[in-house]
Amino acid sequence: MYVEDRDITGLAGRELASVRKHMGFLFQNAALFDSMSVGDNVAFPMRRHTDWSDSEIRARATRKLADVGLEQEFDKMPADLSGGMKKRAGLARAMALDPSILLVDEPSA
């Protein structure tokens, strides 16, 4: 299997993780962490996979939420969002690292 002209069938560990950083995953029911705010959900991949400062992560997470019309919902909990808003928050998180590939569990939603 190839991802961006790179054979990934023999990759493991850090090499495979490096390839995955170029992919976003949008799950059917958004799969937001219910114990984290919407903004922290979007910031999660940035905190895990970058060395950006907290202020840079917050600014980028805010921009991603603005891209999906949820900039005012940064501090809300997922339970406080409608179903459509949760899907948009999930999209913002999937796009957090500006992936070149987006895998969508339910593309017609």
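For the structure, check the block above.
Rules behind the numbers
Residues numbered from 1 in each chain as written. Predicted model: local features only at pLDDT ≥ 70, side-chain atom pairs only at ≥ 80, totals over all residues. Heavy atoms only, no water. Helix = DSSP H or I, 4+ residues; strand = E, 2+ residues; numbered from the N terminus. Buried < 20%, exposed > 50% of the residue type's maximum accessible area, 1.4 Å probe, protein only. Phe/Tyr/Trp six-rings, centres within 6.5 Å; stacked < 30°, edge-to-face > 60°. Lys NZ or Arg CZ within 6 Å of the ring centre and 35° of its normal. 1 Å grid on protein atoms, 1.4 Å probe; cavity = no way out; pocket = protein on both sides within 12 Å on 5 of 7 lines; lining within 4 Å. Points joined across faces, edges and corners; volume = space filled by probe spheres on them. Nonpolar A, V, L, I, M, F, W, Y, C, P; charged D, E, K, R; others polar. Expected span 1.5 Å × (residues − 1). Contact = heavy atoms within 4.5 Å. Core = buried A, V, L, I, M, F, W, Y, C linked by side-chain atoms within 4.5 Å. Polar contact = N/O pair within 3.5 Å; in protein donor to acceptor, adjacent residues only side chain to side chain. Salt bridge = Lys/Arg side-chain N within 4 Å of Asp/Glu carboxyl O.

Caption draft 1: How the structure looks around the environment of Q72. As for its placement among the helices and strands, Q72 is situated in the loop between α3 (54–67) and α4 (83–94). On the basis of relative accessible area, Q72 is assigned to the exposed category, the value being 66%. As a C-alpha pair, Q72 and T62 span 10 residues in sequence and 8.8 Å in three-dimensional space.

Caption draft 2: Spotlight on the packing of aromatic side chains. Evaluation of the coordinates by the stated rule reveals two aromatic pairs. The ring of F74 has R58 lying over it, and the distance from NZ or CZ to the ring centre is 4.0 Å. The ring of F33 carries the charged tip of R93 above its face, separated from the ring centre by 5.6 Å.

Caption draft 3: How the structure looks around the layout of surface pockets. Computed from the structure, the largest pocket encloses a volume of approximately 470 Å³. Taken together, 17 residues form the lining of the largest pocket, with R20, M23, F25, P45 and H49 sitting closest to its centre. At the level of secondary structure, the elements contributing two or more residues to the lining of the largest pocket comprise α1 (13–20), β3 (23–26), α2 (38–49) and α4. Considering each element in turn, the lining of the largest pocket owes the most residues, four residues, to α2. Considered class by class, the residues forming the lining of the largest pocket number 11 nonpolar, two polar and four charged.

Caption draft 4: Inspection of α3 at higher detail. Taking 1.5 Å of rise per residue, 14 residues should cover 20 Å, and α3 covers 20 Å from first to last C-alpha, within 8% of that figure. Where the residues of α3 are buried, they touch α2 and α4. Looking one or two residues past α3, G69 carries a phi angle of roughly 75°, positive in sign.

Caption draft 5: Representation of the nonpolar core within the structure. V42, M46, A61, L65, L70 and A89 are the most contacted members of the largest nonpolar core, which has 17 residues in total. At the level of elements, α2, α3 and α4 are the ones that each hand at least two residues to this core. If you look at the next biggest cluster of nonpolar residues, it comprises six residues, including V3, L11, L16 and M23.

Caption draft 6: Fine view of the side chain of S37. By secondary structure assignment, the location of S37 is in the loop between β3 and α2. Accessibility expressed as a relative area gives 10% for S37, which makes it buried. Polar side-chain contacts of S37 include one of 3.5 Å to the backbone oxygen of F74. Sequence-distant contacts of S37, defined by excluding residues within four places in its chain, comprise F74, D75, K76 and M77.

Caption draft 7: Structural context of the pattern of salt bridges. Inspection of every chain in the model, using the stated rule, returns four salt bridges. We note a salt bridge from D54 to R47, for which the minimum N-O separation is 3.0 Å. Residue class for D54 comes out exposed when judged on its relative accessible area of 55%. K64 is the salt-bridge partner of D98, the closest N and O atoms lying 2.4 Å from each other. Separated by 34 residues along the polypeptide, D98 in the loop between α4 and β4 (101–104) and K64 in helix α3 bring together distant segments of the chain. A residue is classified by how much of its surface remains accessible, and D98, at 47% relative accessible area, is partly exposed. Accessibility expressed as a relative area gives 14% for K64, which makes it buried.

Keep in mind these numbers describe shape, not what the thing actually does.
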